[in-house]
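Breakdown of the fold
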Amino acid sequence: MVEPARRSAWSRFFGRARTRVALAALALLYAGAIYAPLIANDRPLRLDAVHVKEYRAAWRSLVPATQELARWSQFSLVPDVPKFPEEIEREARAVSQRIATLASALSESDRAALGALERAVDHARAGEGGGDLVELARRAQEECRPFDPADPAVGGKVLQSRVSYPLLESLRAVDVFFMVLGPLCIAAVLWSRVRYGSRSSGQPVRWWNFVAVLAIAAAGAFLWELRAGPAPAFASSSYKADVQSGALVVNSVVFPPIAMGFAETNLSESYRPPTWTSAARAHGPRPVLEPEPRSALAPPSNTPIDVHFAEPAADSAWRHPLGTDSVGRDLLVRLIWGGRVSLVVGLVSALLLTVIGTLVGAIAGYCGGLTDLFVSRVIEVVLCFPAFFLILIAVAFTDPSVVPPLFAIAAVIALVGWTGVARLARAEFLRLRAQEFVLAAKALGFSHARILFVHMLPNALGPVLVAGAFAVASGVLVESALSFLGFGIAHPVPSWGALASESHSADHWWLQLFPGFFIFVTVVAYNLAGESLRDALDPRLED
Amino acid sequence: MLKYCLRRLAWMVPTLFGITLVVFVAVHAAPGDPSLIRFGSGEGTPSSEALAAERARFRAEHLLDRPLVVQYLHFLGPFDLGASGHRWFGGDGSDPWHGVLALDFGTEFQRSDVSVLSEIGRRLRVTVPLSLVAVLVSYLVALPLGVLSAVRRGSALDRATSFGLFALYSVPTFWAGLVLILLFGASGLGWLPVIGLHDKDAAAMSPAAYAMDTAAHCILPVATLAYGGLAYLSRQMRGGMIEVIGQDYVRTARAKGLPERTVIWKHALRNALIPVTTLFASVLPALIGGSVIVETVFALPGMGLYAYEGLLARDHNVIMATTTLSAAMTLVGILVSDIVYALLDPRIRHG
């Protein structure tokens, strides 16, 4: 299926040094974007701790909750009165939750009273009345009193620790899909090398290979979705604060390599330059003089740095390698997470753009005549639209609750920029229409769709792919310009352009330098890849 | 030739109206109420009724509660369809003309004593000179650079220039502006001013000093505006020149014994310039539309910033005016570039 001409184009593409550099840079950026939750997060990967505060809260509210349930259940056995099944179910669920919380922190032998209470709750749920519910609850509360080191004379149970995986629980199915897809693709390539040895580059890639890889990744994501609960409500978590306040007593904890979240603020560190520069180290933490933007309260000057649990020391050179922003969020973490938005918008917009442009151009080039005239005029009209204005208007005016903003931005960029690809595709299809293989296919009576997509499209793909590569670069640039102006994804989700506009003051050079640098690297990589693709597919260079 | 021009001009008019219609619908389908942004809702405060009355008056004045068709016709003109509009449409005749066809884009929503057209005039006086200088700089630098690179193809100069231009081409505009400010502004080398167009005490300067001050303020914005076009043009020029130099007529010219200088700059360059003129089409709309990003970064009160502020304030009059102007300039630019292309290349004229 892979013709000799195309194989040599493939090797021409990969043989150049700049292609490999570009692809390596892109692989690094995409890996960072896909695995961002596992690289930088304020949730621990594995937490083995005693959830003291949770236990106490459940313990204190056990009796009141049971009293509520008893109140609703008192009429369950009385005939001819309403029975309130939904309220009973609701209260029973609340009590069961508390029982589960208490039971998870106690050893097997200490759970007897809780077990009795649970059975009584089940009776009430089944509509058999809440006879001795409150009595059992009081007994359970007495038995499950937590041991308080401040008041050892009272006695009580020593709580057990529980192992949980908060970070993994916060991953969504989409995240898992891409995390699995990456290694799967690499594994597939390696497997083909192992199986076919040096002949692997000549082996055809069957269509079902793609489908199999995607299906496995999708199955993994689906299973994950079934197993895991709903995504956490807030971007930042309270685990570190809980440890510091004593609500969690930790036995062992494993954090990701950078133990800071992208939405985790730390006002004592606002506007801190990169910690490896002499400015940060020589003068220590900057006094926080600017009032906090939202509450307009100014914290006292010379606030010492508040180092959270599991973070590098306050004077460590690697605490904030790229500095912090106005509320103390680490810039490197936000750049890694921001790549998810910028790269995805660039890619999706380029994909949409290429598909739309190729379809329109193909129809225009293939049909010719009146259709071609009409489509050419449409292309001219769309070209005349003031593109950036239209994108600004469309993005400013889409309702974020109806259309997810990521998709809105990508769709608008695609809808405004497809004309270039359409023109290219039209020229290619016009050229191919006169070729003999097309005439032969027509003579054989193939349907138009088949001729277009099976015979002509693979030959016209060259310039289209090149245009697609450049389209990703321009998509990333446009998205960053939009976020720079404030029209991108809403706070606190970062995007590279938005990060660059956090501060216009010349004192905060790191906030302006580094986000733009990441965009620059991405655009350079895509432009390099596009140029190599163009040289590889240039028909004049073919032997 | 004349028929071609007339046909293109005739096609421009419905295109322009189509564009204004699409933008109009997009603007009016927006969330966000201009009267709320202007006056606020004042909920719970004692002045909420007064504010509501103000808002109602504002909405009536700008026909915000009328059907979309009426609003579009009001925008198009030449008849004013408002309460104080043309007598034929129920107004009292005090201000009968309004709309694009009457060259009246209305008043700003935010400042009701300022007409949009006059404000656009003021902003154009900032944007047009900057863009003009930027275009001149980029063409004057890019064309010779491209020619030299093509002539000395493969040499160290060519490779260095190609690499440098490639990097320049990939730099995002806002980053270039910010980096230039960091480098040349007060916190860096301190050679150039970075904010606005004039110093604080510019009014007290002598004309010569004023001119110098304005020029100094313009250097960085012009550089930021010009570098992208420069990089792109130079690469296009280089590619075109390489293609032309390989042609037979260049070989003939050399065989005739002409000096290399004449071969390159008289014969080859003229033919290589032809595709470059098609790029001229994008110059005109950029000239008028300005660049929102450059104006945001350098705090210049230009057209780009005007459109952006109008967008933020949901100022329909401003948005429609700037978009219509920009679309008209785009169309004119395309037409001019096509005509120039046809003039330069006899094959198109007679083909």
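The model shown is predicted, which means the values in this text are computed figures rather than measured ones.

1. Digging into the overall build of chain A
A tally of helices and strands in chain A yields 21 helices and three strands. Considering chain A as a whole, with its 543 residues, one finds that 43% of them fall into the buried category. The long-range share in chain A, meaning contacts at least 24 apart out of those at least 6 apart in sequence, stands at 77%. Split by element, the accessible area of chain A, about 27,300 Å² in all, is 65% carbon and sulfur.

2. Considering the sheet that holds strand 1 (residues 46-51) of chain A
Residues and elements named next belong to chain A. With respect to topology, three strands assemble into an open sheet ordered 2-1-3, the strand pairing being antiparallel. The open sheet has two edge strands with one neighbour each: strand 2 (162-164) and strand 3 (248-254). The sheet shows a mean angle of 25° between the axes of neighbouring strands, direction not considered. Judged from the three bridges that link them, strand 1 and strand 2 form a sheet pairing that is antiparallel. Its bridge partner lying in strand 2, Asp 48 is registered against Val 163. Sitting on the sheet, helix 4 (residues 52-73) touches strand 1, strand 2 and strand 3, and the angle it makes with strand 1 is about 40°.

3. Some thoughts on the confidence of the model for chain B
Chain-level pLDDT for chain B is 83 on average; 98% of the residues reach the 70-or-more range. The least confident element of chain B, judged by mean pLDDT, is helix 15 (residues 346-350) of chain B at 67; the most confident is helix 7 (residues 173-184) of chain B at 91.

4. Here's the deal with the interface of chain B and chain A
With 39 residues of chain B in contact, the opposing surface of chain A contributes 36 residues. Viewed at the interface, chain A and chain B are joined by five residue pairs in polar contact (both at pLDDT 80 or more). For the side of chain B that touches chain A, the leading source of residues is helix 14 (residues 316-344) of chain B, giving eight residues. Residue composition of the side of chain B that touches chain A, grouped by class: 29 nonpolar, eight polar and two charged.

5. Some details on the packing of aromatic side chains
Taken as a whole and assessed by the stated rule, the structure comprises 19 aromatic pairs over all chains. Summarising the aromatic geometry, the rings of B:Tyr169 and B:Tyr232 are spaced 5.8 Å apart at their centres and angled 15° between planes, so their arrangement reads as stacked. Taken together, the positions of B:Tyr169 in helix 6 (residues 156-169) and B:Tyr232 in helix 8 (residues 207-245) put the pair 63 residues apart, joining distant regions of the chain. For B:Tyr169, a relative accessible area of 28% gives the class partly exposed. Clustering of aromatic rings is evident, with ring pairs tying together A:Trp509, A:Trp510 and A:Phe514. Across the ring face of A:Phe446, the terminal group of A:Arg450 is positioned such that the distance to the ring centre comes to 4.2 Å. Between the NZ or CZ atom of B:Arg235 and the centre of the ring of B:Tyr169, over which it lies, the distance is 5.3 Å.

Rules used in this analysis
Residues numbered from 1 in each chain as written. Chains lettered and ligands numbered in written order. Predicted model: local features only at pLDDT ≥ 70, side-chain atom pairs only at ≥ 80, totals over all residues. Heavy atoms only, no water. Helix = DSSP H or I, 4+ residues; strand = E, 2+ residues; numbered from the N terminus. Buried < 20%, exposed > 50% of the residue type's maximum accessible area, 1.4 Å probe, protein only. Contact = heavy atoms within 4.5 Å. Areas by Shrake-Rupley, 256 points an atom, 1.4 Å probe, with all protein chains shown as cover. Pairing = 2+ DSSP bridges. Axes fitted to C-alpha atoms, helices over the stretch in contact; angles between N-to-C directions. pLDDT = per-residue confidence, 0-100. Polar contact = N/O pair within 3.5 Å; in protein donor to acceptor, adjacent residues only side chain to side chain. Nonpolar A, V, L, I, M, F, W, Y, C, P; charged D, E, K, R; others polar. Phe/Tyr/Trp six-rings, centres within 6.5 Å; stacked < 30°, edge-to-face > 60°. Lys NZ or Arg CZ within 6 Å of the ring centre and 35° of its normal.

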